[in-house]
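An overview of the molecular structure
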Amino acid sequence: MNRRCIRCNLNIADDAIKCPLCNGVLEGSDENAHDLNQESVSTTYPDISNSLRTMQLIIRIVIFAAIVSEVVVLFINYMTFDGIYWSLIVGLGLLFGVLTILYCFRQRRSIQRIVQVEMFLGIILLILLDHLLGGDGWSFKYALPILFVAVDIGVVVIMIVGIDGWQTYIMTEIVTVLLSLVLIILHFTGVVQSSIFAVIALLVTALILLGTLMFGQNMVSNEVKRRFKI
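Quantities reported herein were computed from a predicted structural model and do not represent experimental measurements.

**As for the overall build of the protein**
- In terms of helices and strands, the protein carries seven helices and four strands.
- Reading the helices (α) and strands (β) of the protein from amino to carboxyl end gives β-β-β-β-α-α-α-α-α-α-α.
- Looking at the protein as a whole, 39% of its 230 residues qualify as buried.
- Taking contacts inside the protein between residues at least 6 apart in sequence as the whole, the part at least 24 apart equals 64%.
- If you sum the accessible surface of the protein, you get close to 14,200 Å²; carbon and sulfur atoms cover 65% of it.

Written out as structure tokens, the structure reads:
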């Protein structure tokens, strides 16, 4: 027994209740009972249950990671409070990031490109807000290291579930390692005052990159060669 969407003229192979294209109600139909004189022939839509479950799992993981990150940020802000509730700003950024990822899933947009663009916009926004709120350096001490780690962990989750060719995300990992390294360099050159979180961010992002290179083997190696034209 197949389910059929009259609006899209599709036969649905799985046990979905709504059409995955138009969200219309499906009708039950016997595959052998089609009208042979029907002018338009419907096509069979593939079983999408596994894909939907994967998407739902990613969404739950992303939301959970955002909640955990905000709790950690609130705790850090509380323990180091200096008159600025910068954790609320980071929370708004996390909310925006989650909503953007949900939009990417729904519209089938390139997740990696969106993640990279949002990361760089987030860097600019955090530094600018830090400057406008008095220039206490909380963006370099706490917000940016947390941002880099959050982006890297999010990328790992996406790579594990295999979205859009997981090996392509190696470039995002390389970028987060380089940005974390920049924080350390700026600290030792006296340009900004950093904290232990910058060191933690560098270690976490570097270990994630190392793990990807070790377990990815030829696929990751070929992607790096293709990107850098080696």
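This is not the end of the story, as more comes after the structure.
**Examining the nonpolar core**
- Counting 29 residues, the largest nonpolar core has Trp 86, Leu 126, Trp 138, Leu 144, Leu 147 and Phe 148 as its most contacted members.
- The dominant element in this core, judged by the number of residues it contributes, is helix 4 (residues 138-161), at 12 residues.
- Those residues within four positions of Trp 86 in sequence are excluded, and the remaining contacts are Val 73, Ile 76, Asn 77, Trp 138, Tyr 142 and Ala 143.
- Listed in part, the seven residues of the second largest apolar core include Ile 170, Ile 174, Leu 209 and Val 220.

**Section: the packing of helix 5 (residues 170-188) against helix 6 (residues 196-216)**
- Two elements in contact, helix 5 and helix 6, have axes separated by 9 Å at closest approach and are oriented at 155 degrees. Relative to helix 6, helix 5 is oriented roughly antiparallel. The chirality of how helix 5 crosses helix 6 is left-handed. Taken together, the residues of helix 6 that come into contact with helix 5 (itself represented by Ile 170, Glu 173, Ile 174, Thr 176, Val 177, Ser 180, Leu 181, Leu 183 and Ile 184) are Ala 198, Val 199, Ala 201, Leu 202, Thr 205, Ala 206, Ile 208, Leu 209, Thr 212 and Leu 213.
- Of the residues assigned to the contact of helix 5 with helix 6, the class counts are 14 nonpolar, four polar and one charged.

Rules and cut-offs
Residues numbered from 1 in each chain as written. Predicted model: local features only at pLDDT ≥ 70, side-chain atom pairs only at ≥ 80, totals over all residues. Heavy atoms only, no water. Helix = DSSP H or I, 4+ residues; strand = E, 2+ residues; numbered from the N terminus. Buried < 20%, exposed > 50% of the residue type's maximum accessible area, 1.4 Å probe, protein only. Contact = heavy atoms within 4.5 Å. Areas by Shrake-Rupley, 256 points an atom, 1.4 Å probe, with all protein chains shown as cover. Core = buried A, V, L, I, M, F, W, Y, C linked by side-chain atoms within 4.5 Å. Axes fitted to C-alpha atoms, helices over the stretch in contact; angles between N-to-C directions. Parallel < 35°, antiparallel > 145°, perpendicular 65-115°, else oblique. Left-handed = near helix turned anticlockwise from the far one by under 90°. Nonpolar A, V, L, I, M, F, W, Y, C, P; charged D, E, K, R; others polar.

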